[in-house]
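Notes for the structure review
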Amino acid sequence: MTTTPVILQPGGAPAAPAIDFETTSEIGYYSLVWRRFRARKVAVAGIIALTVLALACALGPYIMSWVADLRHQPSLGGAVDPVNAQLGPFQQGHLLGTDDIGRDLLFRNLSGGRISLTVGGLAMLLTIGIATFFGALSGFLGGIVDSATTAIINAILAIPSILLLVVFAKSFGQSIQTIVIGIGIISWPYTARIVRSVVLSAREKEFIEAARAVGTSRARILTRHLIPNALGPIVVSASLTIGQAILLESALSFLGQGIGIPTATWGSLLHDGYQALAHPNGFFFALWPGLLILITVLSFNYIGDALRDAFDPRSLER
Amino acid sequence: MSALRDLDATAAAGQPEPAHGEVIYAVRDLRKYFPVRAGFLRREAAQVQAVDDVTFDIHRGETVGLVGESGCGKTTTGRLLLRLIEPTSGSLTFEGRDITRLSFGEMKRLRPRMQIIFQDPYASLNPRLPVGDIIGEGLRNAGVRRHAERERRVADMLERVGLRKYYINRYPHEFSGGQRQRIGIARALVLNPTFIVADEPVSALDVSIQSQVLNLLKDLQEEFALTYLFISHNLQVVQHVSERVGVMYLGKLVEMAPASELYRAPKHPYTQALLSAIPLADPSRRRERIILRGTVPSAINPPSGCRFHTRCPIAQEICSVEEPRFEPKGRSDHLAACHFSDTGVAQELAEKAAIA
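Before going further, it helps to examine the overall build of chain A. In terms of helices and strands, chain A carries twelve helices and zero strands. Counting helices and strands in the order they occur from the N terminus, chain A gives α-α-α-α-α-α-α-α-α-α-α-α. Long-range contacts, defined as pairs at least 24 residues apart, comprise 69% of the intrachain contacts of chain A with a sequence gap of at least 6.

Next comes the structure, spelled out in structure tokens:
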């Protein structure tokens, strides 16, 4: 912080300029965050990778079925040759090869990505919603609400998450909705704890007391002052949660408890590829979904890390 | 209770120079005990006696300084006066109205009349809100619904405190400490209050900026006919700005007098020790410092009798047994809580300590 030099006049008080700092440009808080985020090249690369991937998953399957029937569905009447049906990359016009019954792997992986990314995104929204609500209330109200929320959080964290998810899917059906809700239930405690701690510390700041001094109601203090101050950690958490949700969904599908056949997800493709590893072309079958999961989760993690640094108040203050 | 009578008598007899109006804020037997919770069931294990039986008056248009070291309860007192913290007991009478038990809604209507300026200009402004929203928040709460009207009044107030109108859309991180403090002052003043608690308003600022902000506060006091409770640990700043000064020790008000009187003839040994610690600008004048033994005792389990007796240079037997009354010493407007402030030993100490 620079200070204006004080000119001492003989026998008088320091000459006080009306403005004690040079003018600064008008930058909002969030544009500063964005500026800092942009400086992290890996995170920007992650955003580009995810955008390309999401567009490919959304549009790819349409384009492919429109250009040519690359699905290469084996005719029902003919006998499927298990050895020759599974093609390697670039064979017979299949960019990534085919699976054990001759279905195009590019098509399968892209349409599987739709499900995986959708589950990840929806589960993230649900997680953040529940977590922000309970975390903020718990940190703000304290007392019995805080004790109750903390008890629930600890209880959920004590149960192995995959086990809970399997039981949940078995009980309520292996659909997208069930799996999204299941992931939401096991993921929210992590974010809720973060939101709670941020609100808890922000609550004691002088600007909250200042808001009370000018007559601001408790509800408005929560929505206008406390939650916006927790927004940084919430966004970071959101980004990491998508990656985790995709991993959870993949793990569930890999165990055969995910969204049912014939719908593909990255997890179920990984499972099928794993089963086909004995085949000479099986390696690629398993490689593609694994690679896509890796790229996606890695991108979200890098974005989350960069956001964390960009939101860090210590790097914003002079 | 006798202290209360004496205070009222003092008020009736009229205040010495400068002449001020009626009592704007009457504080009686104000007490705040914070619970210390421990154990599995969070049972109340002890109490921190942060503020204990504090009684004083503030007159319209004057500046009352409140000094004391960290943890003596001066900040808590300021918060209590604004009902930002609920008092344990005692009464608060603001502009003739008992506000001790007012509801949130009633307080909300009253809040524009009484405001606060905070110590830390970095922590007291929400980093996520532009300056216009920070200053305009109180106006909105006070029922100024139209955005344009709020903006106009905020912009006017920005100019009054020495900032530019166009700063209204900027965020706190774009300002220096001194500018931020001006924003904090504007937030309080835009509501057109009569009474302001200034809680260490310059302690966090560079020395070069301190005088600017102090002068600004002085100018605004004249312009808006403000009454200040000026809380600080800086005795010289308090002497400079206050007409009357109160000294707190471990939750108790131990002495209160007109500033000139307090600095010239301190009655309480604690005040004397504080004053003797002020460095003098005159190198030819040698002074003996009154060094206090030990540290401040815990407010959870304060000493019996006079709370200062464990460190007092002139303490006698009675001090650990009987709590001295907060009563006039010598003149009606000079109150202190000490059994021996009129004795020769105390006079000697006072002469050592006096700086005015």
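Check the secondary structure of chain B and you find eleven helices and twelve strands. In terms of overall dimensions, chain B is globule-like: its C-alpha atoms have a radius of gyration of 21 Å, near the 21 Å expected for 356 residues. In terms of principal-axis extent, the alpha carbons of chain B reach across some 65 × 60 × 45 Å. Among the 356 residues that make up chain B, the fraction classed as buried is 47%. Of all intrachain contacts in chain B linking residues separated by at least 6 positions in sequence, the fraction that spans at least 24 positions is 67%.

What follows deals with the packing of helix α4 (residues 105-141) of chain A against helix α9 (residues 218-254) of chain A. For any two helices packed against each other, one specifies the inter-axial angle together with the distance between the axes. Residue and element names in this part refer to chain A. It is at 7 Å that the axes of α4 and α9 come closest, and there the two elements cross at 145°. Viewed along their axes, α4 and α9 form a crossing whose handedness is right-handed. Across from Ser116, Val119, Gly120, Gly121, Ala123, Met124, Thr127, Ile128, Thr132, Ala136 and Phe140 in α4, the residues of α9 making contact are Leu222, Leu226, Ile227, Ala230, Ile234, Ala238, Thr241, Ile242, Ala245, Ile246, Glu249 and Ser250. Residues that form the contact of α4 with α9 fall into these classes: 15 nonpolar, seven polar and one charged.

It is worth spelling out the packing of α4(A) against helix α5 (residues 143-158) of chain A at this point. All names here are of chain A. Running from N to C, α4 and α5 point in directions that differ by 140°, and their axes come no closer than 7 Å. In terms of orientation, α4 and α5 fall into the oblique class. For the element pair α4 and α5, the recorded crossing hand is left-handed. Mapping the contact onto sequence places Phe134, Leu137, Ser138 and Leu141 in α4 and Gly143, Val145, Asp146, Thr149 and Thr150 in α5. Split by residue class, the contact of α4 with α5 holds four nonpolar, four polar and one charged.

Let us look at the sheet that holds strand β4 (residues 89-94) of chain B. All names here are of chain B. The antiparallel open sheet is built from four strands, whose spatial order is β2-β1-β4-β5. At either margin of the open sheet sits one strand with a lone partner, and together these are β2 (43-59) and β5 (97-98). As defined by bridge partners, strand β1 (residues 23-38) adjoins β4 across five bridges and the pair is classed as antiparallel. Bridged to tyrosine 25 within β4 is phenylalanine 94. Contacting β1, β2 and β4, helix α2 (residues 74-81) runs over the sheet at an angle of about 115° to β1.

What follows concerns helix α6 (residues 161-172) of chain A. Residue and element names in this part refer to chain A. The end-to-end C-alpha separation of α6 is 16 Å, in line with the 16 Å expected for twelve residues at 1.5 Å each. Close packing links the buried residues of α6 with α7 (176-203) and α9. Following α6 by one or two positions, glycine 173 adopts a phi angle in the positive range, close to 95°.

For the rest of this paragraph, the subject is helix α10 (residues 269-276) of chain B. Owing to its 3.6 residues per turn, the α-helix brings residues three or four apart onto one side. Among the eight residues that make up α10(B), eight are buried, leaving the element largely enclosed by the rest of the structure. Along α10(B), the residues that are buried comprise B:Pro269, B:Tyr270, B:Thr271, B:Gln272, B:Ala273, B:Leu274, B:Leu275 and B:Ser276.

This part covers the sheet that holds strand β6 (residues 114-117) of chain B. Residue and element names in this part refer to chain B. Pairing in this open sheet of eight strands is mixed, and the strands run β6-β7-β8-β3-β9-β10-β12-β11 from one edge to the other. The open sheet has two edge strands with one neighbour each: β6 and β11 (327-329). The sheet shows a mean angle of 25° between the axes of neighbouring strands, direction not considered. With three bridges joining them, β11 and strand β12 (residues 331-336) adopt antiparallel strand pairing. Looking across to β12, one finds that proline 328 is bridged to leucine 335.

What follows deals with the pairing of β1(B). Residues in a regular strand point their side chains to alternate faces of the sheet. Judged from the twelve bridges that link them, β1(B) and β2(B) form a sheet pairing that is antiparallel. Bridge pairing in β2(B) places B:Ala26 opposite B:Asp57.

This part is about the confidence of the model for chain A. Residues and elements named next belong to chain A. Mean pLDDT over chain A stands at 79; residues scoring 70 or higher make up 80%. When mean pLDDT is compared element by element in chain A, helix α8 (residues 206-213) scores highest at 93, while helix α12 (residues 313-316) scores lowest at 54. Segment residues 1-25 is flagged for pLDDT under 50; beyond a separation of four residues in sequence, or across chains, it makes 32 contacts in the model. Low pLDDT, under 50, characterises residues 74-79; the predicted model gives this stretch four contacts beyond four residues in sequence or across chains.

What follows covers the confidence of the model for chain B. All names here are of chain B. With 94% of its residues at a pLDDT of 70 or more, chain B shows a mean pLDDT of 87. Of the regions scoring below 50 in pLDDT, residues 1-7 engages in twelve contacts with residues more than four places distant in sequence or in other chains. Across residues 9-18, where pLDDT falls below 50, the model places twelve contacts with residues more than four positions away in sequence or in other chains. Reported confidence for the predicted complex is 0.85 by ipTM and 0.77 by pTM.

All names here are of chain B. Buried residues dominate strand β8 (residues 227-231), accounting for five of its five residues. Here β8 shows no split at all, with Thr227, Leu229 and Ile231 on one side and Tyr228 and Phe230 on the other all buried. Strand direction decides the pairing type here: strand β7 (residues 195-199) and β8, joined by five bridges, are parallel. Note on β8: the bridge partner recorded for aspartate 199 is isoleucine 231. Tracing the backbone out of β7, into helix α7 (residues 207-224) and back to the parallel element β8 gives a crossover that is right-handed.

Residues and elements named next belong to chain B. One can find tyrosine 228 in strand β8. With 110 residues separating them along the chain, tyrosine 228 and cysteine 338 place their C-alpha atoms 27 Å apart. In contact with tyrosine 228, not counting residues within four places along its chain, are Thr63, Ile196, Ala198 and Gln221.

Here the focus is unusual backbone geometry. Residues and elements named next belong to chain B. Phi at arginine 83 takes a positive value of approximately 60°, unusual for a residue other than glycine. Along the polypeptide, arginine 83 turns up in the loop between α2 and β4. Take arginine 83: there are 21 C-beta atoms within 10 Å of it, and that puts it in the buried class. Unusually for a residue other than glycine, glutamate 95 sits at a positive phi of about 50°. Residue glutamate 95 is classed as partly exposed on the basis of its 16 C-beta neighbours within 10 Å.

Cut-offs used in this document
- Residues numbered from 1 in each chain as written.
- Chains lettered and ligands numbered in written order.
- Predicted model: local features only at pLDDT ≥ 70, side-chain atom pairs only at ≥ 80, totals over all residues.
- Helix = DSSP H or I, 4+ residues; strand = E, 2+ residues; numbered from the N terminus.
- Contact = placed C-beta atoms within 7 Å.
- Rg over C-alpha atoms; globule rule 2.2 N^0.38 Å.
- Buried ≥ 20, exposed ≤ 12 C-beta atoms within 10 Å, placed from the backbone.
- Axes fitted to C-alpha atoms, helices over the stretch in contact; angles between N-to-C directions.
- Left-handed = near helix turned anticlockwise from the far one by under 90°.
- Nonpolar A, V, L, I, M, F, W, Y, C, P; charged D, E, K, R; others polar.
- Parallel < 35°, antiparallel > 145°, perpendicular 65-115°, else oblique.
- Pairing = 2+ DSSP bridges.
- Expected span 1.5 Å × (residues − 1).
- pLDDT = per-residue confidence, 0-100.
- Right-handed = clockwise from strand over helix to strand, strands pointing away.

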